[in-house]
Amino acid sequence: MRVAWKISHMAAFAAMAATAVLTVDRVVQPPMTEALLASVGLGLLVGLPGYLHRRALPGTILLLPLGLYVLLRVVLPLPLDVETRADQLAFYTDELRLGLRAYADDIFPLTLDSAAGFELLLAVGAFLFAAVASFLGLGMRTTVAGIAALVVLLGFTATVDSAPSAGPTLLFLAFATLTLVTSEGARRHGRRLRDGLEGIGVGAAAIGMAVLLLAVFPGLTRPGLADWKTWDPFNSGRPTVFVFNWKQNYPRLLDPGNAVPIMKVTSRVPSYWRATTLEYFTGDTWLNSAPYPVRLPDGPGPRRIPPIEPEPPGGPMVQKFELRGTSTNYVFTGGSPRSLTLDVSSAVNQSDSGALRTATSLHSPIDYEVTAVVPRVQPELLVGTPRDYPEDVRSLYLDLPMPDAATYRQAREAEARGEETMPWNAWIERPRAVEFEGIYALNEAIVGDAEDPYEATLKIERYLRAHYAYSLEVPPSTYASPIAAFLFDTKMGYCQHFAGAMALLLRLNGIPSRVAVGFTTGEQIGTWTYLVSSNNAHAWVEVYFAGIGWLPFDATPGRSLPLAGPSSASPGFVDPFAGRGAQGEGGGPATPPDATGRIPEGAGAGAGAGTKPWRIPWGIAAPALFAAMLVGWPFTRRRVRERRVRTGRSGDRLRASITLLREDLGVAGVPVRASSTLDQVARLADDTLRLDLAPLVGRAQQVAFGGSYASAEDVARAERMRRGVMRLAWKRRRLACLAAWYGVAPLLDSWRARSANDATGVAQSRKGPTWRLRP
């Protein structure tokens, strides 16, 4: 029986550890499930020697580095040119250092593709948590300490989860309950299975109270409630560090009541101040994947920047940037940069998109000048542009983890004709097929029969601006894809949602696009001078037109490009395609299709209509939780009441059992008083219940007064006698038993006393047996 308890205990502990470690998967993109499972498996082996035998505990010293080495090799295999042990150590040390640096700069959810060694760093961290928990909970056999180590990891991920859920926490509580229940059986012989039911009742009551607490205070699951990364107790004056990517935490960044000055820009022509571009779409998010292959000449003095061909028409403008209160390795520019004057020794590199980045971070205050060409393009110039894009543009800026719209239509038509062809969703690496099919339907509804790239671009931009709402408070969604959640469920979001959705729709139509990130123009504070704050952080879209180059478009409602141009968000814009049979405002249907490609029922309900996230049916759940608490409370109270009978020396356990026996006799109707001796208690039990307690009382007196030592069998005999008393009590006085189980016997006692006084008209003390239980 003990072997079965030990196996059950290890299984429960392993499930609990896996639940805690896998919560890390919720705060990273893309998921790293396999690496985390490897981490928790290897970490649990660390405490196994001590769990099997106490003398084998030093084996942990060997298993810890061995498990870490195996994890390193599994998560990040060694390159072929790394052979010696010293080279391996140096390789993994460098990778972990790079991952740590990226972790310090990244914003949740974390991006695994942002730096080498990032996934390795997170896997090692998960391994160490699992190893510490295993050493404490299994090796040292201090289960509570092991659970506490895992609670730290669970709490960490809960504070930074952008879409928090109570599910992992409740599942962790359930496995923690099973771990505590089975730990007693794993330590002691003779522990029966039914003895664990009381522990399960305690856990059920705890889980029920946790869920009820979430129902009463739903704000506890609000994203960022206690985001530890916003704490700054020792260095509140440090500069703001910006990490520009599609996951930028805009709700925290764009706080109207806390605008942090970033920089002051002087330019005769206003612009959006771009930091970098995001070219790679994972299916969930946009990432920066383009290298920075071109190194600019070293300073001081102007550094010439080679132009990106083709370059849109426009005039060169001198822009002066004065960075204050920020730290970044991006060089902001307004337009296509031609030269840079930066009086620092750091090397500057240029990406294929024209973005500039320094090798080391620029710490404010820092001033630099950029000569850039700000595009000045009339809309008519883009009408009729061809689709013969250069190969480097096609390979990078049309790449998708899914087929484009034309390929999707061909696959669907082939299926309709009954031809054998590869299913369109076989291209998709992630389980997003149903949601992506809805995106195809929406794209077809928006673009219609538009063949001109510029016309399709305008339709998509205007449709998103007209049919979706800007909001920094986006409700959680049950959709797997954030893009699909924005388009079909919440229908509200901030700039990253609008820019990411527009870039995806453009690529589906075979139009090269990318997401640009940086800042809007800012507040004009003088002649040609603009003050840019954290509230101006923004994401927009750049679209490539053959023979012209990259041009900015903005699908976010309430945001407008500062100069007249081809975007419908430009001042004074006149649509060159007006009157060509647009299907409603924005060139699309008045109501977009849902994720399955159908127009929803009740389509006139407005832009906010759509599938709502699943909610807990409290009309059913609340009574169920109350019932669980009602059932679990007696087990909880019994567990606390009998705690002194389970632990300590046998003599102390026997005295605790006799004390509880006196109280239980009172519940059964035996008139036991606090002053009654053990012999008197035995006589009262014999007179009232015909219960022979003389042998037990005699043994207890020998232990208490005769210098005899109690044995485990004496304690077991007293416990069997006490259970027999409670069985008799249940047969004789069920109401009294229920009152004792729930701890309300004093209330019942008082009520009966008042009833007796009311009946006789005389205030007197209640006679007869007492049911009061000691706390």
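Since the model is a prediction, treat every value here as computed from it, not as a measurement. The numbers attached to residues start from 1 for each chain and follow its sequence in the written order. Under the rules for a predicted model, residues below a pLDDT of 70 receive no local features and side-chain atom pairs below 80 are neither given nor counted, while totals for whole chains, interfaces and linings still include all residues. In computing side-chain properties, one takes all heavy atoms of the structure into account and sets aside hydrogens as well as water.

J.: Go over the overall build of the protein chain, please, and point to the residues and values.
T.: Counting from the N terminus, the helices are DSSP H or I runs at least four residues long and the strands are E runs at least two residues long. The secondary structure content of the protein chain amounts to 24 helices and 22 strands. Each residue's exposure class comes from its accessible area (1.4 Å probe, protein chains only) as a fraction of the maximum for that residue type: buried when under 20%, exposed when over 50%, partly exposed otherwise. Going through the 775 residues of the protein chain one by one, you find that 47% of them count as buried. Whether two residues are in contact is decided by their heavy atoms, any of which lying within 4.5 Å being enough. A separation of at least 24 residues holds for 71% of the contacts in the protein chain among residues at least 6 apart in sequence.

J.: Explain unusual backbone geometry to me, and be specific about the residues and the numbers.
T.: Cis geometry marks the peptide bond from Glu 309 to Pro 310; its omega dihedral reads -10°. Structurally, Pro 310 can be placed in the loop between strand 9 (302–304) and strand 10 (314–323). Even without glycine at this site, Arg 690 takes up a positive phi of about 55°. In this structure, Arg 690 sits in the loop between helix 20 (678–689) and helix 21 (694–705). By relative accessible area, which is 66% here, Arg 690 ends up exposed.

J.: I'd love a proper account of the nonpolar core, names of residues and values included.
T.: Remark: nonpolar core denotes a set of buried residues (Ala, Val, Leu, Ile, Met, Phe, Trp, Tyr, Cys) joined through side-chain atoms within 4.5 Å. Within the largest apolar cluster, 52 residues are counted, with the highest numbers of intra-cluster contacts made by Ile 439, Leu 464, Leu 487 and Leu 504. Those elements that place two or more of their residues in this core are helix 13 (433–447), helix 14 (453–467), helix 15 (482–490), helix 16 (495–508), strand 18 (513–519), strand 21 (537–545) and strand 22 (549–553). Per-element tally for this core: the top contributor is helix 16, with ten residues. Met 16, Leu 42, Leu 44 and Leu 153 belong to the second largest nonpolar core, which has 47 residues in total.

J.: Before we move on, could you go through the sheet that holds strand 9 and cite the residues and values that matter?
T.: Strands are treated as partners if at least two bridges between them are detected by DSSP. Spatially, the seven strands line up as an open sheet ordered 9-12-15-10-4-20-19, and their pairing is antiparallel. Every other strand in the sheet has two partners, leaving strand 9 and strand 19 (523–526) as the edge strands with one partner each. Across the sheet, the axes of successive neighbouring strands diverge by a mean angle of 30°, strand direction being ignored. Every angle, taken between N-to-C directions, lies between 0 and 180 degrees, and every axis is a line fitted to C-alpha atoms, over only the stretch in contact when it is a helix.

J.: Give me the lowdown on empty space enclosed by the protein, citing residues and values where you can.
T.: Vacant regions in the atomic arrangement are exposed by a probe of water-molecule size rolled over the atoms. Each cavity reported here is a set of points on a 1 Å grid over the protein atoms alone in which a 1.4 Å probe fits but cannot get out, each pocket an open set with protein on both sides within 12 Å along at least five of seven lines, and each lining residue one with an atom within 4 Å of a point. Grid points are joined across faces, edges and corners, and a volume is the space filled by probe spheres set on the points. Enumeration over the complete set of coordinates arrives at five cavities of 30 Å³ or more. Estimates place the volume of the largest cavity at around 470 Å³. What lines the largest cavity is a set of 32 residues, and nearest its centre among them are Gly 335, Pro 375, Trp 550, Leu 551 and Pro 552. The set of elements that each furnish at least two residues to the lining of the largest cavity consists of strand 12 (336–342), strand 15 (366–375), strand 21 and strand 22. Nonpolar residues are Ala, Val, Leu, Ile, Met, Phe, Trp, Tyr, Cys and Pro. Charged residues are Asp, Glu, Lys and Arg, and all others, Gly as well, are polar. A class-by-class count of the residues in the lining of the largest cavity yields 18 nonpolar, nine polar and five charged.

J.: How would you explain the pairing of strand 18 if you had to name every residue and give the values?
T.: Among the seven residues in strand 18, seven count as buried, and that is most of the element. Pairing of strand 18 with strand 21, which is carried by seven bridges, proceeds in the antiparallel orientation. Considered in strand 21, the bridge of Ala 516 is made with Trp 540.

J.: For the environment of Thr 360, give the residues involved together with the corresponding values.
T.: Locating Thr 360 in the fold gives a position in strand 14 (residues 356–363). Expressed as a C-alpha distance, the spacing of Thr 360 and Thr 328, which sit 32 residues apart in the sequence, is 8.5 Å. Among all residues touching Thr 360, those that are not within four sequence positions of it are Asn 329 and Ser 346. Polar contact criterion, stated in full: a pair of N or O atoms within 3.5 Å, where within protein one must be able to donate a hydrogen and the other to accept it, and residues adjacent in sequence count only if both atoms are side-chain atoms. Of the polar contacts made by the side chain of Thr 360, one reaches the side chain of Ser 346; its length is 3.2 Å.

J.: Before we move on, could you go through the pairing of strand 11 (residues 326–331) and cite the residues and values that matter?
T.: For strand 11, a buried count of five out of six residues is recorded, marking the element as mostly surrounded by other parts of the structure. Note that strand 11 and strand 14 share four bridges and pair antiparallel. Across the sheet, Val 331 pairs through a bridge with Leu 356, a residue of strand 14.

J.: Which residues make up the pattern of salt bridges, and what values go with them?
T.: Any carboxyl oxygen of Asp or Glu that lies within 4 Å of a side-chain nitrogen of Lys or Arg is treated as forming a salt bridge with it. Scanning the entire structure with this criterion turns up 21 salt bridges. Its salt-bridge partner being Asp 714, residue Arg 699 comes within 2.9 Å of it at the nearest N-O pair. Of this pair, Arg 699 sits in helix 21 while Asp 714 sits in helix 22 (residues 712–732); the two residues are 15 residues apart in sequence, bridging distant segments of the chain. What makes Asp 714 buried here is its relative accessible area of 5%. Sharing partners across several salt bridges, the network here consists of Arg 638, Arg 641, Glu 642, Arg 646, Glu 663, Asp 664, Glu 719 and Arg 722.

J.: Before we move on, could you go through helix 23 (residues 734–741) and cite the residues and values that matter?
T.: Spacing of three or four residues puts side chains on the same side of an α-helix, whose turn is 3.6 residues. Considered for burial, the residues of helix 23 that qualify are Ala 736, Cys 737, Ala 739 and Ala 740. With its buried residues spanning 165° around the axis, helix 23 presents them on a single face. In the stretch just after helix 23, Gly 743 is the one whose phi turns positive, near 75°. Here, the arc refers to the directions that run from the helix axis to the C-beta atoms.

J.: Let's hear about the sheet that holds strand 21: which residues, and what values?
T.: If you trace the four strands from one edge of the open sheet to the other, you get 5-18-21-22, paired in antiparallel fashion. Among the strands making up the open sheet, the edge pair consists of strand 5 (273–278) and strand 22. Put simply, the sheet's adjacent strands are angled 35° from each other on average, direction ignored. Pairing geometry for strand 21 and strand 22, over five bridges, is antiparallel. The residue of strand 22 that forms the bridge with Phe 545 is Gly 549.

J.: Tell me about a nonpolar patch on the surface, and name the residues and values.
T.: Together, Leu 66, Val 70 and Val 74 give the surface a local cluster of nonpolar side chains, amounting to about 240 Å² of exposed area. As for its position among the elements, Val 74 is in helix 4 (residues 59–75). Each patch is built from salt-bridge-free residues with over 30% relative accessible area, joining like charges within 9 Å and nonpolar side chains (Val, Leu, Ile, Met, Phe, Trp, Tyr) within 5 Å. Using the Shrake-Rupley algorithm and a 1.4 Å probe, accessible areas are obtained, with residue cover drawn only from the displayed protein chains.

J.: Explain helix 6 (residues 118–139) to me, and be specific about the residues and the numbers.
T.: What a helix should span is 1.5 Å times the count of its residues minus one. An ideal rise of 1.5 Å per residue puts 32 Å on 22 residues; helix 6 measures up with 30 Å between its terminal C-alpha atoms. Positive backbone phi, approximately 60°, marks Arg 141, located one or two places after helix 6.

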